Amino acid sequence: MSDVALTAEVLLEHEVGLHARPSVKLTKLAKTFRSRIDVSPGPDGPWIDAKSIVKVMAARAPKGTVLHFRAAGEDARAALDALVALVRNDFETGAAGEAE
């Protein structure tokens with residue numbers, strides 16, 4: 001596993017911010033990757049384990065927040081690309097997404 005962290009950022013435009021449903025989708029996606037993934041509402045932290053629903057929901061990032069991601073591991077780039085795409089697509093999972 002690489003210990004070099006890659007980073008990415010994306011503007012959170014979801015109407016209610018990073019609350020229950022968006023947080024669940026973000027953590028579910030993060031858990032599909034082997035890399036360590038952290039998210040932060042600011043470039044200097046606090047950094048939150050993106051695979052922890054409790055911690056992600058506790059961040060309470062409102063609409064308009066720039067989310068910062070960092071990932072380290074064998075699939076770090078793919079993880080960051082997928083998470084940024086999820087946020088950019090307003091947490092839509094596409095045709096194969098879960099039925100709610």
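Everything quoted here is computed from the prediction, not taken from an experiment. (Residues numbered from 1 in each chain as written. Predicted model: local features only at pLDDT ≥ 70, side-chain atom pairs only at ≥ 80, totals over all residues. Heavy atoms only, no water.)

### Structural notes on the sheet that holds strand β2 (residues 36–40)
Reasoning step 1: If you walk across this open sheet you meet the four strands as β1-β4-β2-β3, and the pairing is antiparallel. Where the open sheet ends on each side, the last strands, each with one partner, are β1 (6–11) and β3 (48–49).
Reasoning step 2: The pairing of β2 with strand β4 (residues 66–72) spans five bridges and is classified as antiparallel. Pairing of Val39 across the sheet is with Phe69, part of β4.
Reasoning step 3: Most of the contacts of helix α3 (residues 76–88) go to β1, to which it runs at about 5°, and overall it touches β1, β2 and β4. (Pairing = 2+ DSSP bridges. Helix = DSSP H or I, 4+ residues; strand = E, 2+ residues; numbered from the N terminus. Contact = heavy atoms within 4.5 Å. Axes fitted to C-alpha atoms, helices over the stretch in contact; angles between N-to-C directions.)

### Some remarks on the side chain of His68
Reasoning step 1: Examined against the element boundaries, His68 turns out to sit in strand β4.
Reasoning step 2: Among the polar contacts listed, one links the side chain of His68 to the side chain of Glu9, at a separation of 3.5 Å.
Reasoning step 3: The contact partners of His68, leaving out residues within four places of it in the chain, are Ala8, Glu9, Asp38, Val39, Ser40, Pro41, Gly42, Pro43 and Trp47. (Polar contact = N/O pair within 3.5 Å; in protein donor to acceptor, adjacent residues only side chain to side chain.)

### Brief notes about the confidence of the model for the protein
Reasoning step 1: The share of residues in the protein with pLDDT of 70 or more is 89%, and the mean pLDDT across the chain is 90.
Reasoning step 2: Within the model, pLDDT remains below 50 along residues 95–100, and this stretch shows four contacts once partners closer than five positions in the same chain are excluded. (pLDDT = per-residue confidence, 0-100.)

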